[in-house]
Amino acid sequence: MKYFQRWMLIVLSILPALGCDTQKVATQYVEESLYGTVITLRDGTKVRGELVYVYDFSKLIFGEERDEQIYAIFDPTKYSPDPRQDRSFTMISSNDFDPNSIQINPPNPNIQRYEDFVREMGFSIEILPFNGMWHVLEYNESYHRKEGGCGNFAWDILKTDQLGNYHCQSGNGCNHGYSVSDHYAWNQPVLMPITGFIKEFRDDFPDNPPYLEHPPGSSNYVLIELNGGYYLGLVHFRQGSITANGIKPGNRYEVGTEIGRVGNSGFSAVPHIHMTLFWKASVGPNGCRGLGWSVPTFFQKLYISDTNRNAELKKDVQPHKGQRVSNDRF
Ligand SMILES: [Zn+2]
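Computed from a predicted model, the values in this text were never measured in an experiment.

**Student:** Quick one: what's the story with the overall build of the protein, residue by residue and with numbers?
**Tutor:** Check the secondary structure of the protein and you find 4 helices and 18 strands. Within the protein, buried positions represent 42% of all 330 residues. Here the analysis covers contacts within the protein between residues at least 6 apart in sequence; of these, 65% occur between residues at least 24 apart.

In structure tokens, the structure reads:
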């Protein structure tokens, strides 16, 4: 956290000079981003754009922790629909510039915001990929920030009962959560969250017994191709369930099509699906063991509640930990 804290101090010390409300900007850090950032690299190159996020490698759940941050600078003018040419993000290592030299200028109204870009490009999520009411276990809140770029803006979604339990508590055949089949999310259909081409998938990894997660890299997943370097990723499918649905890489599937079943493969302790927008760089550092960087997006519309009822229909929304979500009113 050392560099991160130092960076925040720099932001807070620069902003008063610009007449900004420091408190407000500090809290906007993740949610609304900063514009007009200029980073001067050690070789003199200047990188300009919107600072969307800073990926921190000083606290990791797995892998080697290091005092390094990756600054995600967004510039819509560098976007290309060809993934090999898409430079809409520039990922800059804190090793390559002096964090004291970062400049944060007032927003440039002539440059499209990342959020508007996501909306216009159709990189937001059309539907929750499940039937019925589900439960958000985690968003950009705790452990997702420590996964080396794999999950910073992912939603971990599972199914709970009226009391918020993930699994059966008693009754015939209930193993108190120690069998995957005890878990309400287990083997539930997973639907296409958006219409698109499935670029690739894996579903040959075994499912873990609950609470015995494997290291990352052994998760069954689907990558849905959007445009440029952007992909929607869904992770932790049940072994064999994608193939069983007849899914073929390179085919286009309509939103709502069943593509697999919820499993517990790879870095998953309890059956759930991890869903995120990835930006996969063809140049520069790449996040998530080459799968890309988890970047922000939102649901186009979703019924949301903090409890099991009284859901409200929200648009362009990023549900957070503990919220109940559904495509239908509940
Ligand atoms: Zn996750």
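**Student:** How would you summarise the pairing of strand β10 (residues 221–225) if you had to cite specific residues and measurements?
**Tutor:** Buried residues dominate β10, accounting for 4 of its 5 residues. As paired elements, strand β9 (residues 196–202) and β10 share 5 bridges and run antiparallel to each other. When the sheet's bridge partners are listed, Phe 197 is paired in β10 with Glu 225. Across 5 bridges, β10 lies against strand β11 (residues 230–235) in antiparallel orientation. Of the residues in β11, the one forming a bridge with Leu 223 is Gly 233. Taken together, β10 and the strand that follows it, β11, pair antiparallel across an intervening segment of 4 residues, in which Gly 228 is found at a positive phi of about 60 degrees.

**Student:** Lay out the nonpolar core with the relevant residues and their values.
**Tutor:** One finds Ala 72, Ile 73, Ile 157, Val 190, Val 222 and Trp 293 to be the most contacted residues of the largest nonpolar core, which totals 73 residues. Each of domain 1 (2–119) and domain 2 (134–326) gives at least three residues to this core.

**Student:** Run through the pairing of strand β16 (residues 299–305), naming residues and quoting values.
**Tutor:** The sheet contact formed by β16 and strand β17 (residues 312–317) spans 5 bridges and is antiparallel. Residue pairing for β17: Lys 301 is matched across the bridge by Lys 315. The hairpin formed by β16 and β17 contains 6 residues between the paired strands, and Asn 310 there has a positive phi angle of roughly 60 degrees. With 3 bridges joining them, β16 and strand β18 (residues 324–326) adopt antiparallel strand pairing. For Ser 305, the partnering residue across the bridge sits in β18 and is Arg 324.

**Student:** Can you lay out the confidence of the model for the protein for me, pointing to particular residues and giving the numbers?
**Tutor:** Per-chain confidence: the protein averages 88 in pLDDT, with 89% of residues scoring 70 or above. Per-residue pLDDT stays below 50 along residues 1–32; that stretch engages in 33 contacts with residues further than four places along the chain or on separate chains.

**Student:** Residues and numbers for unusual backbone geometry, please.
**Tutor:** Phi at His 236 is positive, roughly 90 degrees, even though this residue is not glycine. Following the sequence through the fold, His 236 ends up in the loop between β11 and α4 (241–244). Overall, His 236 belongs to the buried group, with 30 C-beta atoms counted inside 10 Å.

What counts as what
Residues numbered from 1 in each chain as written. Predicted model: local features only at pLDDT ≥ 70, side-chain atom pairs only at ≥ 80, totals over all residues. Helix = DSSP H or I, 4+ residues; strand = E, 2+ residues; numbered from the N terminus. Buried ≥ 20, exposed ≤ 12 C-beta atoms within 10 Å, placed from the backbone. Contact = placed C-beta atoms within 7 Å. Pairing = 2+ DSSP bridges. Core = buried A, V, L, I, M, F, W, Y, C linked by C-beta atoms within 7 Å. Domains from an automatic or database assignment. pLDDT = per-residue confidence, 0-100.

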